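So the chains spell out like this:
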Amino acid sequence: MQRLRAPIQQVGSTLLSRTSFPRASSRPVFLPQLAAMAAVARSARLAARLSSPLRPAARRAAPSAARQAPFSLSARHSKSSVIQGTEVPVSVYSPDAKGAASSSPDHFSIPVNPAAVPAPEASSDPEDAPITPLQDSLYHRLPRTLQKMTVHGKVIIVTGGARGLGNHMARACAEAGAKAIAIFDANQELGEAAAAELHQQTGLAVSFFRVDVRDGAAVEAAVQNVADLHGVPDVLVNSAGIADSNIPAETYDAAMFRRLVDINLTGSFLAAQAVGRALIAARRPGSIILVASMSGSVVNYPQEQSCYNASKAGVVQLGRSLAAEWAKHGIRVNCISPGYMDTALNKVPALDAQKKIWKSLTPQARLGAADELNGLCVFLASDASSFMTGSNVIIDGGYTLY
Ligand SMILES: NC(=O)c1ccc[n+]([C@@H]2O[C@H](COP(=O)([O-])OP(=O)(O)OC[C@H]3O[C@@H](n4cnc5c(N)ncnc54)[C@H](O)[C@@H]3O)[C@@H](O)[C@H]2O)c1
């Protein structure tokens, strides 16, 4: 009985918080009570769904009656129980404190002005930002925690690095201390230009390989050549991918379906396999980062894109599977799942109307900038994430919260 109670209490408290009942005490909740509470919760959720056919964010765009007439089941809370002030008292302990001894803090107050919280802004055009490599001298002066958050001395392959998210992640790795960067991309012209720019701005060893990620033999040969040129790759960032959207499933051409799955899913596998083989053969640890998409976890609205969504769900599960298989070799595999990002993939006039809907469904009310995966990419590539494998991290401005 004792073993049964703990999980029941847990489930019970989840139901309570979802239905805004007054919080239960720590008394155990037994099955008959739980069933009754679950029934109430279910009917409350059903009633809410029936009265509002739109998703919550869509309702936000057109305020509903419920929004205009708020109510609370916890109205018994008196205002006096909330600490509200116009100032926040602060005590600061620092070497610069005015007190003679460091144990004497500075005391002061800061004003409270809720209206002054700035709205989050997308960063200014990341294309124009200079690329500044981490100098060895600076790296050696960093505290241990910050050293671990770099990719100092690592050899990094970025597929799809000729433009877009992959290109920005390649730049970020260069800034975070990479020893060498290899760009794998099917676009010769853009790939050459991207590699040349990265080398010119940083002085790092940068190479470009024109490979199609569907071509396993070419990818394998390119990975071997990276090992010969720069050393065994420590990191793979697989960002090569394409998107089809606004194609209803009933009219989706099977050849198109196969092509997209071949690039997004089989390509992720072939790139990971080639780098995994090189790492296993060299008995070296490594980090593989697969760029999936939030579309691997949710179905986008309003565009119909069953194939893309399925391909990215496959990438997420591929990442988890490889992570489980290759942990014994010291190889970590994680996915980054972006929401809507402001890249060429989405800079299509046909998507303009839908972009307004996407923004209205995103709590941050914007698309992500092309460099907003950079921090996570460097973290996953770095030794700071050494206990992290098989994860799928969604970066979407909050889109999947609704
Ligand atoms: N932009 C978004 O909103 C968004 C959202 C979620 C996920 N993603 C994913 O992020 C990744 C990058 O997207 P992006 O917006 O930077 O796209 P992008 O089109 O700007 O860049 C993709 C790059 O991949 C290369 N590529 C395409 N097919 C290839 C192939 N078969 N072999 C080798 N290279 C190939 C292209 O030449 C290009 O340089 C993709 O996997 C995409 O599905 C993008």
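Residues numbered from 1 in each chain as written. Predicted model: local features only at pLDDT ≥ 70, side-chain atom pairs only at ≥ 80, totals over all residues. Heavy atoms only, no water.

## Comments concerning the overall build of the protein
The condition is simple: Per the convention used, a helix needs a DSSP run of H or I reaching at least four residues, while a strand needs a run of E reaching at least two, with both numbered from the N terminus. A 1.4 Å probe rolled over the protein chains alone gives each residue an accessible area, and that area as a share of the maximum for its type sets the label: buried under 20%, exposed over 50%, partly exposed in between. Every residue pair with non-hydrogen atoms within 4.5 Å of one another is taken to be in contact. To measure how exposed things are, a 1.4 Å probe is used in the Shrake-Rupley method; for residues, cover is taken only from the protein chains shown.
Along its length, the protein carries 13 helices and nine strands. A total of 402 residues make up the protein; the buried ones form 38% of that total. Of the contacts made within the protein by residues no fewer than 6 positions apart, 73% connect residues no fewer than 24 positions apart. Here the protein displays about 22600 Å² of accessible surface, and carbon together with sulfur accounts for 57% of that area.

## Observations concerning the nonpolar core
What counts, and what does not: Nonpolar cores were defined as sets of buried Ala, Val, Leu, Ile, Met, Phe, Trp, Tyr and Cys residues, with membership established by side-chain atoms within 4.5 Å.
Counting residues in hydrophobic clusters, the biggest one holds 32 residues, and the most contacted among them are Val151, Ile156, Met169, Ile181, Val237, Ile289 and Ile336. Only β3 (155–159), α7 (164–175), β4 (180–185), α8 (188–202), β5 (205–210), β6 (235–238), β7 (286–291) and α13 (374–381) provide two or more residues apiece to this core. Tallying contributions element by element places α7 first for this core, with six residues. Discounting residues that sit within four places of it in the chain, Val237 has contacts with Ile156, Ile157, Val158, Thr159, Met169, Ile289 and Cys377. Counting 29 residues, the second-largest nonpolar core is a separate cluster that includes Val219, Val226, Val315 and Ala323.

## A look at a negative patch on the surface
Cut-off, in case you're wondering: To count toward a patch, a residue needs a relative accessible area over 30% and no salt bridge; like charges are then connected within 9 Å, while nonpolar side chains (Val, Leu, Ile, Met, Phe, Trp, Tyr) are connected within 5 Å. Whenever a carboxyl oxygen of Asp or Glu lies within 4 Å of a side-chain nitrogen of Lys or Arg, that contact is scored as a salt bridge. When charges are counted, Lys and Arg are positive and Asp and Glu negative, with His and the chain ends excluded. Every charge is mapped to an atom, namely NZ of Lys, CZ of Arg, CG of Asp or CD of Glu.
A grouping of Asp125, Glu127, Asp128 and Asp342 is seen on the molecular surface, where their side chains present a negatively charged patch. Note on placement: Asp125 falls in the loop between β2 (106–111) and α5 (136–141).

## Concerning the site of the ligand
Quick reminder of the rule: Here a residue counts as near a molecule or strand whenever at least one of its heavy atoms sits within 4 Å of it. Pairs of N or O atoms within 3.5 Å make up the polar contacts considered here, provided that, within protein, one atom can donate a hydrogen while the other can accept it, and that residues adjacent in sequence are counted only when both atoms are side-chain atoms. Of the two site types, the cavity is a set of points on a 1 Å grid over the protein atoms alone where a 1.4 Å probe fits but cannot get out, and the pocket is an open set with protein on both sides within 12 Å along at least five of seven lines, each lined by residues with an atom within 4 Å of a point. Those molecules having more than half of their atoms within 2 Å of a cavity or pocket grid point set are described as sitting in that cavity or pocket.
Around the ligand lies a shell of 28 residues, among which Arg163, Asp185, Tyr308, Thr343 and Asn346 are the nearest. For the ligand, an oxygen atom lies 2.7 Å from a polar atom in the side chain of Arg163. Interatomic distance of 2.7 Å between a side-chain N/O atom of Asn346 and an oxygen atom of the ligand. Computed on the free molecule, the ligand has an accessible area of 820 Å², of which 94% lies beneath the protein chains in the complex. Cavity membership is defined here by more than half of the atoms lying within 2 Å of grid points; on that basis the ligand lies in the largest pocket.

## Quick look at the packing of aromatic side chains
Two aromatic rings, taken as a pair, are described by how far apart their centres are and by the angle between their planes. Using the following cut-off: Aromatic contacts are taken between Phe, Tyr and Trp rings whose centres are within 6.5 Å, Trp giving its six-membered ring; a plane angle under 30 degrees counts as stacked, one over 60 as edge-to-face, and the others as tilted.
The tally for this structure, following the rule as stated, stands at four aromatic pairs. Relative to Phe257, the ring of Tyr252 has its centre 5.5 Å away and its plane inclined at 75°; by these criteria the two rings are edge-to-face. Here Tyr252 falls in the buried class, since its relative accessible area comes to 11%. Look at Phe257 and you get partly exposed, because its relative accessible area is 31%. Ring geometry for Tyr340 versus Trp358: centroids 3.8 Å apart, planes at 5°, classification stacked.

## Side note on the packing of helix α10 (residues 254–282) against helix α11 (residues 306–326)
Stated precisely, the cut-off is as follows: Here the axes come from fitting lines to C-alpha atoms, over the contacting stretch only for helices, and the angles between their N-to-C directions go from 0 to 180 degrees. Any angle between 65 and 115 degrees counts as roughly perpendicular, while under 35 counts as roughly parallel, over 145 as roughly antiparallel, and the rest as oblique. Each crossing gets its hand from how the near helix is turned against the far one by less than a right angle, where anticlockwise is left-handed and clockwise is right-handed. Amino acids outside the nonpolar list (Ala, Val, Leu, Ile, Met, Phe, Trp, Tyr, Cys, Pro) and the charged list (Asp, Glu, Lys, Arg) are all regarded as polar, and Gly is one of them.
In contact at an axis separation of 8 Å, α10 and α11 are set at 15° when each is read in the N-to-C sense. Here α10 lies roughly parallel to α11, going by the angle between them. α11 is crossed by α10, and the crossing has right-handed handedness. Contacts between α10 and α11 involve Phe257, Leu260, Val261, Asn264, Leu265, Ser268, Phe269, Ala272, Gln273, Gly276 and Ile280 from the first element and Ser306, Cys307, Tyr308, Ser311, Lys312, Gly314, Val315, Leu318, Leu322 and Trp326 from the second. For the contact of α10 with α11, the class distribution of residues is 13 nonpolar, seven polar and one charged.

## Concerning the layout of surface pockets
We count it as follows: Grid points are joined across faces, edges and corners, and a volume is the space filled by probe spheres set on the points.
Looking at the largest pocket, its volume works out to about 970 Å³. As for the largest pocket, its lining consists of 45 residues, and the residues nearest its centre are Arg163, Gly241, Ile242, Ala243 and Leu345. Contributions of two or more residues to the lining of the largest pocket are made by α7, β4, α10 and α11. In terms of residue count, the dominant contributor to the lining of the largest pocket is α7 (three residues). Taken together, the residues of the lining of the largest pocket sort by class into 22 nonpolar, 16 polar and seven charged.

## A short note on the side chain of Gln305
Positionally, Gln305 belongs in the loop between β7 and α11. Leaving out residues up to four positions away in the same chain, Gln305 has contacts with Asp244, Ser245, Ile247, Ser295 and Asn300.

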